[in-house]
Amino acid sequence: MPISAYIEGEDGAREGEPWWHARSTELLDREHPGTCCLRFLDPYGDAVFNQAQLPVLLDELRALRGRLHDAELVSVLDAVIAFVRRAEGQIHTYVRFVGD
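Residues numbered from 1 in each chain as written. Predicted model: local features only at pLDDT ≥ 70, side-chain atom pairs only at ≥ 80, totals over all residues. Heavy atoms only, no water.

1. Quick notes on the overall build of the chain
So, step 1. In terms of regular secondary structure, the chain is built from three helices and four strands.
So, step 2. A globule of 100 residues ought to have a C-alpha radius of gyration of about 13 Å, and the chain, at 12 Å, matches this closely.
So, step 3. The 100 residues of the chain split such that 42% are buried.
So, step 4. The contacts in the chain between residues at least 6 apart in sequence include a share of 64% that link residues at least 24 apart.
So, step 5. Summed over its atoms, the accessible surface of the chain is roughly 5,700 Å², and 49% of this surface lies on carbon and sulfur atoms.
So, step 6. The centroid of the 10 positive side-chain charges in the chain is displaced by 5 Å from the centroid of its 17 negative side-chain charges. (Helix = DSSP H or I, 4+ residues; strand = E, 2+ residues; numbered from the N terminus. Rg over C-alpha atoms; globule rule 2.2 N^0.38 Å. Buried < 20%, exposed > 50% of the residue type's maximum accessible area, 1.4 Å probe, protein only. Contact = heavy atoms within 4.5 Å. Areas by Shrake-Rupley, 256 points an atom, 1.4 Å probe, with all protein chains shown as cover. Lys, Arg positive; Asp, Glu negative; His and termini not counted. Charge placed at Lys NZ, Arg CZ, Asp CG, Glu CD.)

What follows is the structure, given as structure tokens:
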């Protein structure tokens with residue numbers, strides 16, 4: 001099962017539809033040395049990012065874009081960036097990445 005992402009409130013209630021792509025695990029389950037957030041994405045577990053972490057996560061995702069050579073993975077990355085941006089700046093809102 002691919003890694004998926006949810007936007008959720010502080011009570012854990014999910015807001016809207018989740019994001020996922022058949023190649024999301026291939027994109028996100030990589031070595032991310034020197035990162036603060038990306039390195040915690042796990043294909044078998046969850047990782048939750050709060051409002052203070054979301055700008056860092058977005059910066060790291062944007063930096064990853066420059067290292068990709070597969071056009072489809074770039075498209076998948078652009079989609080996850082757009083998804084995470086929907087949560088940015090929303091009080092008591094988190095992004096949860098869910099592995100298997």
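So much for the structure itself; the text now carries on.
2. Focus on the nonpolar core
So, step 1. Core analysis: the biggest nonpolar cluster contains 28 residues, and L57, L61, V84 and F97 have the highest contact counts within it.
So, step 2. Examining the composition of this core, we find that nine residues originate from one element, helix α3 (residues 71–87), more than from any other.
So, step 3. When residues no more than four places from it in sequence are discounted, the contact partners of L61 are L28, L38, L77, V80, I81 and V84. (Core = buried A, V, L, I, M, F, W, Y, C linked by side-chain atoms within 4.5 Å.)

3. Notes on the sheet that holds strand β2 (residues 14–20)
So, step 1. The strand order across the open sheet formed by four strands is β2-β1-β4-β3, and the pairing between neighbours is antiparallel. Edge positions in the open sheet fall to β2 and β3 (46–49), since each of these has one partner strand only. Put simply, the sheet's adjacent strands are angled 20° from each other on average, direction ignored.
So, step 2. Note: strand β1 (residues 4–9) against β2, four bridges, orientation antiparallel. Residue pairing in the sheet places A5 in a bridge with W19 of β2.
So, step 3. α3 contacts β1, β2 and β4 (93–98) of the sheet and is inclined by roughly 165° relative to β2. (Pairing = 2+ DSSP bridges. Axes fitted to C-alpha atoms, helices over the stretch in contact; angles between N-to-C directions.)

4. Things to note about the packing of aromatic side chains
Two aromatic rings are characterised by how far apart their centres lie and by the angle between their planes.
So, step 1. Per the counting criterion, the structure on display carries one aromatic pair.
So, step 2. An angle of 80° between the planes, with centres 5.9 Å apart, marks the rings of F49 and F97 as edge-to-face. Residue F49 is located in strand β3, and its partner F97 is located in strand β4; the two are separated by 48 residues in the primary sequence.
So, step 3. Here F49 falls in the buried class, since its relative accessible area comes to 3%.
So, step 4. Given the relative accessible area of 2%, F97 is considered buried.
So, step 5. R14 extends its terminal NZ or CZ atom over the ring of Y6, reaching a point 3.6 Å from the ring centre. (Phe/Tyr/Trp six-rings, centres within 6.5 Å; stacked < 30°, edge-to-face > 60°. Lys NZ or Arg CZ within 6 Å of the ring centre and 35° of its normal.)

5. Quick word on α3
So, step 1. Compared with the 24 Å implied by 1.5 Å per residue over 17 residues, the 25 Å span of α3 between its first and last C-alpha is a close match.
So, step 2. Of all the positions in α3, only L73, V74, V76, L77, V80, I81, F83, V84 and A87 are classed as buried.
So, step 3. A distance of 2.8 Å separates the backbone nitrogen of E72 from a side-chain oxygen at the start of α3, and that oxygen is part of D70.
So, step 4. G89 occupies a position one or two residues after α3 and carries a positive phi of about 80°. (Expected span 1.5 Å × (residues − 1). Polar contact = N/O pair within 3.5 Å; in protein donor to acceptor, adjacent residues only side chain to side chain.)

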